[in-house]
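Given next are the chains, with one letter for each unit.
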Amino acid sequence: MSILNNKRRRASRQATDALRRAARLIRSSQKIAAVTHIAPDPDAIGSLLGFGNAMVSMGKSVTFLCDDVVPRGLRFVPGAELVVESLAKDQVPDLVVTLDGSDPARLGKAGAHLLSLDVPSINFDHHTTNLQFGTLNVVDAGWAATAEGLVSLLDALRCPIS
């Protein structure tokens, strides 16, 4: 077995443990702020809306955030109209989830504000360059996209995919 395969297996086991911890944290939270990176691509928007819509289906209150507008070609995705640039002034989530952002700067002003709050954060990503900046980091470079990892998270949450 190659060294690369061993590293991938070890990373996968770490991600599986982190997925379980993320599921526990999500279950115990009610108000979730989910943010994705600036200049969002299909994985960023798909992950943001897929995660957020799944959380809404579980009865969670979710704010969908991105500094930039949803690209025209992705506005058909359910929930695209709900993406905002910032939280309301009086709004404080009890959990922050960052999606597809390898570092805090990539998450823009919305991410910087959310990460400055005194609440736990889950950093959910697939990039090898991820800086591990969350309270909990669920990062697996073996995923082709962040959305691929979200399928495993939703399984851990026993949340059906619609």
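Rules used in this analysis
- Residues numbered from 1 in each chain as written.
- Predicted model: local features only at pLDDT ≥ 70, side-chain atom pairs only at ≥ 80, totals over all residues.
- Heavy atoms only, no water.
- Helix = DSSP H or I, 4+ residues; strand = E, 2+ residues; numbered from the N terminus.
- Buried < 20%, exposed > 50% of the residue type's maximum accessible area, 1.4 Å probe, protein only.
- Polar contact = N/O pair within 3.5 Å; in protein donor to acceptor, adjacent residues only side chain to side chain.
- Core = buried A, V, L, I, M, F, W, Y, C linked by side-chain atoms within 4.5 Å.
- Salt bridge = Lys/Arg side-chain N within 4 Å of Asp/Glu carboxyl O.

Caption draft 1: Geometry of the side chain of Asp140. Residue position: Asp140 is located in the loop between strand E5 (136-139) and helix H4 (146-156). Residue classification places Asp140 among the buried residues on the basis of a relative accessible area of 8%. Separated by 2.7 Å, the side chain of Asp140 and the backbone nitrogen of Gly142 make a polar contact.

Caption draft 2: Summary view of the nonpolar core. Residues Ile26, Phe51, Met55, Val138 and Leu153 are the most contacted members of the largest nonpolar core, which totals 35 residues. Counting residues in hydrophobic clusters, the runner-up holds 11 residues, among them Leu87, Ala110, Val119 and Phe133.

Caption draft 3: Seen up close, the environment of Pro160. The topology assignment puts Pro160 in the segment after H4. Take Pro160: its relative accessible area is 64%, and that puts it in the exposed class. Between the C-alpha atoms of Pro160 and Pro78, which are 82 residues apart in sequence, the distance is 16 Å.

Caption draft 4: View of the pattern of salt bridges. In the structure shown here, the tally under the stated rule is 1 salt bridge. One salt bridge connects Arg21 with Asp17, and the closest N-O pair in it is separated by 3.3 Å. Of the two residues, Arg21 and Asp17 both sit in helix H1 (residues 3-27), 4 residues apart, roughly one turn of that helix. Residue class for Arg21 comes out partly exposed when judged on its relative accessible area of 36%.

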